[in-house]
Amino acid sequence: MTSIAIIGPGALGGTVACWLAQDREHRITICARTPFERLEVETPKGTLRATPEVATDPASVQAPVDWVVVATKAYDASSAALWLKPLLGPATRVIVLQNGVERVAHFAGHVPEDRIVPAVADIPAARSAPGHMVQHRLGWIVVPHGANGDAAVQLFAGTEIDVSAVPDWQSRAWAKLCLNCAGAFTTLTMRATGPVWSREVETLVRGLVAECVDVGRAEGAMLEDSLIDQVVEGARNAPEGAGNSMYADRLAGRPMELDARNGVIVRLGQKHNIETPINALFVTLLSASGSPWIDRQQD
């Protein structure tokens, strides 16, 4: 029996937890702020249900687990860390399933770095209520190649989610950030880019992504120029109503992952003496928008 704790059963964490719970060899514990009776996920393959143990207080955790999956928002590492102390044993591995490119840095002070498994995920899902999710596409997860990554792949072997271990994980993480950073435009305007597309809009979207590519390359990522065009074309053709998780967070009045998606580009750009004026502009405007984006615990 493999014991797994999921910290943060939001849209992504709840969906992943329900898939993992379908394997009877997995014992799932949900670490949540809000209690609920069961997980239910409407997936492209049908509706999944599970009744895992739900803990709402780190003090109630009785024993370490084999695996921890952290699926909180990127800014919520400190709250997630409160759960780690009772969950960690001498061989516990921690999958960090968050946005951004600083997953290891966020948890290095709480977990031995050789047991952190950073993961890039693309699993479109939404939560309608605690424990209830809709998964729009099966999606994928990518982890670094190696013993930990290969073990993570095996952990998900019984699910329909495509999980793979790749040798150049850093480039995959930065490529995902190139897509995510462009969402700052949609989040600021609360409009999909396609219906309002113009040369001026393209200049801003292209600038957001090009700056991310430049900083990513300085950090060691292998990123092709064609990636910029791909993101721009996706933004050009986005239908009204299309958004991203940061857009959804602002719409719901929740904190935004602004630092993990755009602030990090500005910060690391300064480290490498790379100018990032467009990302800095969106960080400034979204910070001044009145929407919360500072730490607050989220399920």
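The rules behind each value
Residues numbered from 1 in each chain as written. Predicted model: local features only at pLDDT ≥ 70, side-chain atom pairs only at ≥ 80, totals over all residues. Heavy atoms only, no water. Axes fitted to C-alpha atoms, helices over the stretch in contact; angles between N-to-C directions. Helix = DSSP H or I, 4+ residues; strand = E, 2+ residues; numbered from the N terminus. Parallel < 35°, antiparallel > 145°, perpendicular 65-115°, else oblique. Left-handed = near helix turned anticlockwise from the far one by under 90°. Contact = heavy atoms within 4.5 Å. Nonpolar A, V, L, I, M, F, W, Y, C, P; charged D, E, K, R; others polar. Core = buried A, V, L, I, M, F, W, Y, C linked by side-chain atoms within 4.5 Å. Buried < 20%, exposed > 50% of the residue type's maximum accessible area, 1.4 Å probe, protein only. Expected span 1.5 Å × (residues − 1). UniProt positions renumbered as here; feature names shortened; annotations may be inferred.

1. So, the packing of helix α5 (residues 169–181) against helix α10 (residues 258–271)
- Close contact between α5 and α10 brings their axes to 9 Å; oriented N to C, the two are set at 115°. Taken together, the axis directions place α5 and α10 in an arrangement best described as roughly perpendicular. The crossing of α5 and α10 is left-handed. Contacts between α5 and α10 pair Trp174, Leu177, Asn180 and Cys181 from the former with Ala260, Arg261, Asn262, Val264, Ile265 and Leu268 from the latter.
- Partitioning the contact of α5 with α10 into residue classes produces seven nonpolar, two polar and one charged.

2. A word on the nonpolar core
- Residues Trp174, Val205 and Val209 are the most contacted members of the largest nonpolar core, which totals 39 residues.
- Going through the elements one at a time, α5, α6 (183–189), α7 (199–218), α8 (226–236), α10 and α11 (277–287) are the ones with two or more residues in this core.
- In terms of residue count, the dominant contributor to this core is α7 (seven residues).
- Ignoring anything within four residues of it in the chain, the contact list for Val205 reads Ala182, Phe185, Thr193, Trp197, Val232 and Ala235.

3. Focus on α5
- Given a rise of 1.5 Å per residue, 13 residues ought to cover 18 Å, and the 18 Å separating the end C-alpha atoms of α5 matches this to within 8%.
- Of all the positions in α5, only Trp169, Ser171, Ala173, Trp174, Lys176, Leu177, Cys178, Asn180 and Cys181 are classed as buried.

4. Section: unusual backbone geometry
- One non-glycine residue, Met190, lies in the positive phi region at around 55°.
- Note on placement: Met190 falls in the loop between α6 and α7.

5. Focus on the packing of α7 against α11
- Where α7 meets α11, the closest approach of the two axes is 7 Å, and the angle between their N-to-C directions is 110°. By the angle between their directions, the pair α7 and α11 is classed as roughly perpendicular. Residues Thr203, Leu204, Gly207, Leu208 and Glu211 of α7 lie in contact with α11, whose contacting residues are Pro277, Ile278, Asn279 and Phe282.
- Across the contact of α7 with α11, the residue classes break down as five nonpolar, three polar and one charged.

6. So, the UniProt feature "domain: Ketopantoate reductase N-terminal" (unreviewed entry) in the protein
- UniProt's entry tags residues 4–145 with the feature "domain: Ketopantoate reductase N-terminal" (unreviewed entry), counted in the numbering of this structure.
- Between the first and last C-alpha atoms of residues 4–145 the distance is 21 Å; the span itself is 19% helix and 37% strand.

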